[in-house]
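Coordinates in review
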Amino acid sequence: MMEQDEIKNVVFVLGAGASKPFNFPLGNELILNIIKGINESNYNRIQETSSALHAYRNRNHAPTHYDFFQSPYSAFYSAINYSGNRSLIQDYDKKYGISLRDHKYHATFAEMLNSKTASSIDYVLNENPSYSFIGRAYIALEMLRAYRGLSDEWGTKIHPDYERYKKLAPEYPENWYISLAEFIKKLGKNTDSLKALYDRYPVRFITFNYDMSLEHYFSQFFDGEIYKNFDINQIISNIFHIYGKIDFCTIENGQHLDADKDIIKLIFSQAENVSLLRKSPDQTDEIKKIRQYITNADVICILGFAFDLENLKIIGLDKTMEEFSKNIYVHNFDNNEHISRIIRDKNNIFIKTGSIKNAFQSGFISPDICIKEPSVMPYKYRETVI
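Residues numbered from 1 in each chain as written. Predicted model: local features only at pLDDT ≥ 70, side-chain atom pairs only at ≥ 80, totals over all residues. Heavy atoms only, no water.

1. What about the overall build of the protein?
Heads up, the rule is: Secondary structure elements follow DSSP: runs of H or I no shorter than four residues count as helices, runs of E no shorter than two count as strands, and numbering proceeds from the N terminus. Only protein chains enter the accessibility calculation, which uses a 1.4 Å probe; a residue is then buried when its area is under 20% of its type maximum, exposed when over 50%, and partly exposed in between. We call two residues in contact whenever any of their non-hydrogen atoms come within 4.5 Å of each other. Accessible surface area values rest on a Shrake-Rupley calculation with a 1.4 Å probe, where residue burial reflects the displayed protein chains alone.
Regarding its fold elements, the protein presents 21 helices and 7 strands. Counting every position in the protein, which comprises 386 residues, the buried fraction comes to 54%. The long-range share in the protein, meaning contacts at least 24 apart out of those at least 6 apart in sequence, stands at 73%. Total accessible area on the protein is roughly 17,500 Å²; 47% of this is exposed by carbon and sulfur atoms.

2. Observations regarding helix 7 (residues 103–113)
Owing to its 3.6 residues per turn, the α-helix aligns residues three or four sequence positions apart on the same side. Test applied: Side-chain atoms alone can form a polar contact between residues adjacent in sequence; in general such a contact is a pair of N or O atoms within 3.5 Å, and within protein one must be able to donate a hydrogen while the other accepts it.
Residues of helix 7 that are buried include every one of H103, Y105, H106, A107, F109, A110 and L113, and no others. Sitting at the head of helix 7, D102 places a side-chain oxygen 3.0 Å from the backbone nitrogen of K104.

3. Things to note about unusual backbone geometry
Unlike most non-glycine residues, N23 shows phi in positive territory, near 85°. Mapped onto the secondary structure, N23 falls in the loop between strand 1 (10–14) and helix 1 (27–40). For F307, which is not a glycine, the phi torsion comes out positive at approximately 60°. Its location among the elements puts F307 in the loop between strand 4 (299–303) and helix 18 (309–314).

4. Things to note about the nonpolar core
Rules: To define a nonpolar core, start from buried Ala, Val, Leu, Ile, Met, Phe, Trp, Tyr and Cys residues and group those joined through side-chain atoms within 4.5 Å.
Of all hydrophobic cores here, the largest spans 111 residues; its most connected members are F12, F109, F205, F218 and I267. Residue contributions to this core peak at 11 residues, all from helix 9 (residues 132–149). Look past the residues within four positions of F205 in its chain and what remains in contact with it is F12, L14, L180, I184, Y198, L214, F218, N238, I239 and F240.

5. As for the pattern of salt bridges
Definition in use: Any Lys or Arg side-chain nitrogen located within 4 Å of an Asp or Glu carboxyl oxygen qualifies as a salt bridge.
With the rule as written, the count across this model stands at 5 salt bridges. In this structure, K20 and E29 form a salt bridge, with 3.0 Å as the shortest nitrogen-oxygen distance. The class of E29 is partly exposed, set by a relative accessible area of 24%. The residue E272 makes a salt bridge to K95 at a minimum N-O spacing of 2.6 Å. Of this pair, E272 sits in the loop between helix 16 (260–271) and helix 17 (285–296) while K95 is found in helix 6 (residues 86–96), placing the two residues 177 residues apart along the sequence. On the accessibility criterion, K95 (54% relative accessible area) is exposed.

6. Concerning helix 11 (residues 176–188)
Selection rule: For a helix, the expected span equals 1.5 Å multiplied by the number of residues minus one.
The first and last C-alpha atoms of helix 11 sit 19 Å apart over 13 residues, in line with the 18 Å expected at 1.5 Å per residue. Within helix 11, the full set of buried residues consists of W176, Y177, S179, L180, A181, F183, I184, L187 and G188. Two residues or fewer after helix 11 comes K189, characterised by a positive phi angle close to 75°.

7. A closer look at the packing of aromatic side chains
Any two aromatic rings considered together are summarised by their centre-to-centre distance and by the angle between their planes. Inclusion rule: To pair, rings of Phe, Tyr and Trp, with the six-membered ring standing in for Trp, must have centres within 6.5 Å; the planes then decide the type, stacked if under 30 degrees apart, edge-to-face if over 60, and tilted in the middle. Ring-over charges, as used throughout, are those where CZ of Arg or NZ of Lys falls within 6 Å of the ring centre and within 35 degrees of the ring normal.
Taken as a whole and assessed by the stated rule, the structure comprises 25 aromatic pairs. Ring plane angle 20° and centroid distance 5.2 Å describe the contact between Y92 and F133, whose orientation is recorded as stacked. On the criterion of sequence distance, the pair formed by Y92 in helix 6 and F133 in helix 9 is long-range, its members being 41 residues apart. No difference in accessibility class separates Y92 from F133, as the two residues are buried. An aromatic cluster is present here, built from Y73, F76, Y77, Y92, Y96, Y105, F109, Y131, F133, Y138 and F268 joined pairwise through their rings. The ring of Y293 has R204 sitting right over it, with the charged end atom 3.9 Å from the ring centre.

8. Brief notes about the packing of helix 1 against helix 7
To be explicit about the condition: All axes are obtained by fitting lines to C-alpha atoms, using only the stretch in contact for helices, and the reported angles, taken between N-to-C directions, cover 0 to 180 degrees. Crossings are classed by handedness, with left-handed meaning an anticlockwise turn of the near helix from the far one by less than a right angle and right-handed meaning a clockwise turn. Note on residue categories: nonpolar means Ala, Val, Leu, Ile, Met, Phe, Trp, Tyr, Cys or Pro, charged means Asp, Glu, Lys or Arg, and polar means any other residue, Gly included.
Put simply, helix 1 and helix 7 touch, their axes get as near as 9 Å, and they point 145° apart. When you trace helix 1 past helix 7, the crossing you get is left-handed. For the pair helix 1 and helix 7, contact is made by I31, I34, I35, I38 and N39 and by H106, A107, F109, A110 and L113, respectively. Split into classes, the residues belonging to the contact of helix 1 with helix 7 amount to 8 nonpolar, 2 polar and no charged.

9. Things to note about the pairing of strand 4
Our working rule: By this definition, two strands are paired if DSSP reports at least two bridges between them.
The element strand 4 is extensively covered by neighbouring structure, given that 5 of its 5 residues are classed as buried. Of the two faces of strand 4, the one carrying V299, C301 and L303 and the one carrying I300 and I302 are both buried. Looking at chain direction, strand 4 and strand 5 (residues 327–332) are connected through 5 bridges and run parallel. Note on strand 5: the bridge partner recorded for L303 is H331.

10. Concerning the pairing of strand 5
Taking burial as the measure, the 6 residues of strand 5 include 6 buried ones, the bulk of the element. Burial of the side chains of strand 5 extends over both faces: N327, Y329 and H331 are buried on one face and I328, V330 and N332 on the other. Strand direction decides the pairing type here: strand 5 and strand 6 (residues 349–353), joined by 5 bridges, are parallel. In the sheet register, V330 faces strand 6, and the bridge partner there is I351.

11. Examining the environment of Y177
When you line up the elements, Y177 lands in helix 11. Once the C-alpha coordinates of Y177 and F22 are considered, the two residues, 155 residues apart in sequence, prove to be 9.7 Å apart. In contact with Y177, not counting residues within four places along its chain, are A18, S19, F22, D211, S213, L214, Y217 and F218. A polar contact of 2.7 Å, which involves the side chain of Y177, links it to the side chain of S213.

Put into structure tokens, the structure is as follows:
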């Protein structure tokens, strides 16, 4: 293993593109999914005065987990209106000053998301506090759908199986996660030195994603006999979620979703884990700590990230890109012009487009960046396309 003073302090910044290969939506896809789900659900089409709505609100049976996974939004509204959940829904209405059983409330939220000013869902929620909770609930609903796609069976258990998903999604032959896991593995060289590495100089991951797919992936990758002396929590404890984290795998632990009340409790409890930071990021100790990691980093690697200006400001990366004297590596997967425009003419930023796998294998983002200067030239002189 390399000596401690040879290893540079490296921070990875991950956007929605990092978890996209594993069924989790990009920011714009998340908004479109929610709008479509609300508008196409039976609930939104029922008129306030109709006898159908009366029957809907007084149904005496709960939708099953099968109903939920077949038609998640309709089952979600059925669960909200199920008479057995009335007390639970009233508690949330009172807590947040809202009306969850009013279909117009949901329809209005869809209209807000469809507005030209809705640059992101967190922007909409920050600007409209009375819709903050239901918006976070819809985020949790979409995350549950995505986790379900990674399940190791089509039944009711939710447990990520990435090898299975690779077979189901041949359009994603490569992904960030395997490369990041290999990065850590090669940096540590072997189990004992990996433990020593994380004891002394952890690699940190700052993610803007709600899901915990990275944690689950690392847990599977660093499992088995050869890693028995390495505590996976040393890696997981160095993964920081800017907007909070939603994890149905841990919550469910393989248990059945056999009643809609369970579904509602799951979704609502996870919704409360989502953070809204755009108006007051400075107030949280977590963000202060993350900004310090960014400031102290020798190397920053930015992957699957759309370079939203407000997100850059939250973690202090907007100033870092201007003032940072060390190296920043950016992988622009689809040669996005917005990203290129933001980082153009910054001598300390190195950029590559194209294949994820080749970017790592070519040494652009590899353990070598932790111990020596890059072999590629800054963006303003050369953009390397693989």
